[in-house]
Amino acid sequence: MYQVQKYSKNRQVIHDLLHRARRFHCPVSTTWEMDCTEAMNQLRLLRRQNVPASFSAFLVKVTAQLLQEHPHLNSHLFTSWTGKKTIVRFDDINCNVVVLRESQGEKILMPLVIHKANTLSVSEIENIIDHHKHAELETLPQFQSFEKVKKMPFWLLRFISYKTRSDPDFYIRYYGTYGLSTLYSFKASSATGGSTYANTCIAFLPFNVGTRKVEGETRRILRICLVLDHYILDGAQISQAGYDFQRLIENPRRVKELLTTSTGDQAP
């Protein structure tokens with residue numbers, strides 16, 4: 001016995017994203033364990049002072065900082081209709097955050113582009129994320145666009161896919177310059193790695209924050225997957241990106257700087 005379920009438009013949108021990533025990019029994955037104890041402690045202190053701050057917002061800030069220090073990571077490979085490939089390096093650092101919401105009984109992955117994320121404070125970023133997590137779905141432009149995409153005919157979806165892979169202005173407007181998932185868990189888990197496709201030069205996919213005893217002290221350990229486009233980056237650059245990302249997260253001085261500085265302002 002079995003049950004037949006309808007293949008929803010939400011799943012079709014994800015299928016189209018992964019199909020484009022597989023066809024026009026060369027995603028390779030590397031998985032890291034990083035000690036985020038200091039970051040978690042500093043975030044807890046901020047919340048005690050009634051400053052909006054979450055680990056998700058911190059991850060946006062720290063990933064944007066990594067791209068600011070390594071501009072070659074803020075790039076994207078575009079492919080024209082003739083197959084000509086061009087690498088574009090963007091000036092603005094726009095983080096495409098994946099937010100989980102529910103619509104009509106089905107969980108959907110809603111993209112949220114946080115523009116110039118490197119110029120915002122953690123609290124500013126947190127306000128933006130929190131707004132998009134709790135506002136009425138129908139009021140969010142991202143959800144409205146998502147609903148329009150689901151109703152588009154096949155030929156129009158193919159045209160949008162073409163514009164996404166070939167037009168830098170179209171791409172940065174709707175997709176940002178790099179990706180970050182907020183679908184991680186603080187629950188105990190034995191998962192230690194994973195891989196997926198991505199359409200960006202670099203995407204950050206945290207999947208859990210656990211605990212570990214280190215010299216008798218309990219430490220908080222982030223397990224995170226970095227997906228990078230091997231068409232743009234070579235092996236040494238991929239390894240260096242992970243190493244420098246780890247140094248940003250684990251260095252107490254850098255963590256404090258990231259949590260207390262801001263040069264921009266952005267409303268939800």
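A surface patch of nonpolar side chains, amounting to about 230 Å² of accessible area, comprises Leu100, Leu109 and Leu183. Here Leu183 lies in the loop between strand S6 (178-181) and strand S7 (202-214). Residue Leu183 is classed as partly exposed on the basis of its relative accessible area of 38%.

For the rest of this paragraph, the subject is the packing of helix H6 (residues 154-166) against helix H7 (residues 168-175). Between H6 and H7, the shortest axis-to-axis distance is 6 Å and the interhelical angle comes to 100 degrees. Taken together, the axes of H6 and H7 lie roughly perpendicular to each other. Contacts from Ile160, Lys163, Thr164 and Ser166 in H6 reach Pro168, Phe170, Tyr171 and Tyr175 in H7. Taken together, the residues that form the contact of H6 with H7 break down as five nonpolar, two polar and one charged.

Structurally, Asp35 can be placed in strand S1 (residues 27-35). Residue contacts for Asp35: discarding those within four places in its chain leaves Arg219, Arg220, Ile221, Ile249 and Glu250.

We now examine the sheet that holds S6. One open sheet accounts for six strands, arranged S1-S8-S7-S6-S4-S5; its pairing is mixed. At either end of the open sheet lies a strand with only one pairing partner, and these are S1 and strand S5 (106-114). On average, each strand axis in the sheet is inclined to that of its neighbour by 30 degrees, with strand direction left out of account. In this sheet, S5 lies alongside strand S4 (residues 95-103) in antiparallel orientation, the contact comprising nine bridges. Each residue of the ladder has a partner; that of Glu102, found in S5, is Lys107. Together, S4 and S5 form the strand contacts of helix H5 (residues 141-151), whose direction differs from that of S5 by roughly 120 degrees.

Of all hydrophobic cores here, the largest spans 52 residues; its most connected members are Phe55, Phe58, Val60, Ile114, Phe204, Phe245 and Ile249. Residue contributions to this core peak at nine residues, all from helix H3 (residues 55-69). With near-sequence residues (within four places) excluded, Phe204 lies in contact with Thr63, Leu66, Leu67, Tyr178, Gly179, Leu180, Ser181, Ile224, Cys225, Leu226 and Phe245. Core analysis: the second largest hydrophobic core is formed by eight residues, Leu137, Leu140, Phe143 and Phe146 among them.

Turning our eyes to something else, we now look at helix H2 (residues 37-48). A rise of 1.5 Å per residue sets the reference length of H2, with its twelve residues, at 16 Å; its end C-alpha atoms lie 17 Å apart and thus fit the reference within 8%. As for H2, its buried residues are in contact with S1, H3, helix H4 (122-134), strand S8 (217-229) and helix H9 (252-260). Downstream of H2 by one or two residues, Asn50 has phi in the positive range, about 65 degrees.

Here we come to the environment of Gly105. Position of Gly105 among the secondary structure elements: in the loop between S4 and S5. For the pair Gly105 and Gly235, spaced 130 residues apart in sequence, the C-alpha to C-alpha distance is 42 Å.

Calculation criteria
Residues numbered from 1 in each chain as written. Predicted model: local features only at pLDDT ≥ 70, side-chain atom pairs only at ≥ 80, totals over all residues. Heavy atoms only, no water. Patch = residues over 30% accessible without salt bridge, like charges linked within 9 Å, V, L, I, M, F, W, Y side chains within 5 Å. Areas by Shrake-Rupley, 256 points an atom, 1.4 Å probe, with all protein chains shown as cover. Salt bridge = Lys/Arg side-chain N within 4 Å of Asp/Glu carboxyl O. Helix = DSSP H or I, 4+ residues; strand = E, 2+ residues; numbered from the N terminus. Buried < 20%, exposed > 50% of the residue type's maximum accessible area, 1.4 Å probe, protein only. Axes fitted to C-alpha atoms, helices over the stretch in contact; angles between N-to-C directions. Parallel < 35°, antiparallel > 145°, perpendicular 65-115°, else oblique. Contact = heavy atoms within 4.5 Å. Nonpolar A, V, L, I, M, F, W, Y, C, P; charged D, E, K, R; others polar. Pairing = 2+ DSSP bridges. Core = buried A, V, L, I, M, F, W, Y, C linked by side-chain atoms within 4.5 Å. Expected span 1.5 Å × (residues − 1).

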